[in-house]
Amino acid sequence: YRRDPESDKWIPVPLKNKHGQATIAADPFEPGRFVYASPDGHLIEILEGGTRIVGNIPGGEGAAYSIAFDPHVKGLAATVSKDGGELWLSHDGARTFSVVKDGMHVPGSVWHKLFLDRGRVFMLTRGSGVWMRRVVL
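What comes next is a walk through the structure. (Residues numbered from 1 in each chain as written. Predicted model: local features only at pLDDT ≥ 70, side-chain atom pairs only at ≥ 80, totals over all residues. Heavy atoms only, no water.)

1. Some words on the nonpolar core
Rule in force here: We define a nonpolar core as any set of buried Ala, Val, Leu, Ile, Met, Phe, Trp, Tyr and Cys residues linked to one another through side-chain atoms lying within 4.5 Å. Burial here depends on accessible area, computed with a 1.4 Å probe over protein chains only, as a share of the maximum for the residue type. Under 20% is buried, over 50% is exposed, and the range in between is partly exposed. The contact criterion used is simple: two residues touch if any of their non-hydrogen atoms lie within 4.5 Å.
With 14 residues, the main nonpolar core has A78, L87, L114 and V121 as its most contacted residues. In contact with A78, other than residues within four places in its own chain, are S66, I67, A68, L87, W88, L89, F97, L114, L116 and V121.

Given below as structure tokens:
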């Protein structure tokens, strides 16, 4: 849902989330732009504060389980596979992604939440702690 400023009402956004946990992240350098990571493994670009759904981001198919932007490094974003093994980075604001060699490969859980801070990827797991990896800027 998104809040419509004219009617002051909640409006459904046509994104399908049949099951599982989805993540949505706001691009800190482009107001009104969001990226949605669906539990079925797709990254979807959303523009104009939720009024325009652009569609799947190339290279994100199967990769998306959690999405995060680095608020300190313009253009840096990361996504991770559901099993936490594969990590993808973007240097162009989540428009294209490439696989990071050796990924994260954390033990345990299949639920992950990503955070980025100054080129460090933090992965929060359900039951296996918090893991950190520095990525090449």
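2. Here's the deal with the side chain of D27
Applied cut-off: Secondary structure elements are defined from DSSP: runs of H or I of at least 4 residues count as helices, runs of E of at least 2 residues count as strands, and each element is numbered from the N terminus. Polar contacts, as used here, are pairs of N or O atoms within 3.5 Å; protein pairs need one atom able to donate a hydrogen and one able to accept it. Residues neighboring in sequence count only if both atoms are side-chain atoms.
With respect to the helices, strands and loops of the structure, D27 is situated in the loop between strand 3 (23-26) and strand 4 (34-37). There is a polar contact of 2.7 Å between the side chain of D27 and the side chain of R33. When sequence neighbours within four positions are dropped, the list of residues in contact with D27 reads R33, F69 and G93.

3. What about the pairing of strand 12 (residues 120-125)?
Threshold: For two strands to count as paired, DSSP must find a minimum of two bridges between them.
Residues V121, M123 and T125 of strand 12 are buried on one face, while the alternating residues R120, F122 and L124, pointing to the opposite face, are not. Hairpin connection between strand 11 (residues 112-117) and strand 12: a loop of 2 residues separates the two successive antiparallel strands, and R118 in this loop has a positive phi of roughly 50°. Both strand 12 and strand 13 (residues 130-134) contribute to a ladder of 5 bridges, which runs antiparallel. The partner of L124 across the bridge, within strand 13, is V130. Joining the antiparallel neighbours strand 12 and strand 13 is a turn of 4 residues, in which G127 adopts a positive phi near 105°.

4. Observations regarding the sheet that holds strand 12
Operational definition: Note on geometry: axes are lines fitted to C-alpha atoms, helical ones only across the stretch in contact, with angles between N-to-C directions running from 0 to 180 degrees.
Spatially, 11-12-13 is the arrangement adopted by the 3 strands of the open sheet, whose pairing is antiparallel. Whereas interior strands pair on both sides, the edge strands pair on one side only; in this sheet they are strand 11 and strand 13. The average undirected angle you get between the axes of adjacent strands in this sheet is 20°.

5. Details of the sheet that holds strand 10 (residues 98-99)
Strand order in the open sheet made by the 4 strands is 7-8-9-10, with antiparallel pairing throughout. In the strand order of this sheet, the two ends are held by strand 7 (66-69) and strand 10, each with one partner. Bridging between strand 8 (residues 77-80) and strand 9 (residues 87-90) involves 4 bridges; their strand directions are antiparallel. By the bridge assignment for strand 9, V80 is matched with L87.

6. So, unusual backbone geometry
Although it is not a glycine, D8 sits at a positive phi angle of roughly 60°. Of note, D8 is situated in the loop between strand 1 (2-4) and strand 2 (9-11). D8 sits in the exposed class, given a relative accessible area of 52%. Of note in this structure, A94 is not a glycine but carries a positive phi near 70°. Positionally, A94 belongs in the loop between strand 9 and strand 10. On the basis of relative accessibility, which here comes to 0%, the residue A94 falls in the buried class.

These results come straight from atomic positions and should not be treated as a statement about function.
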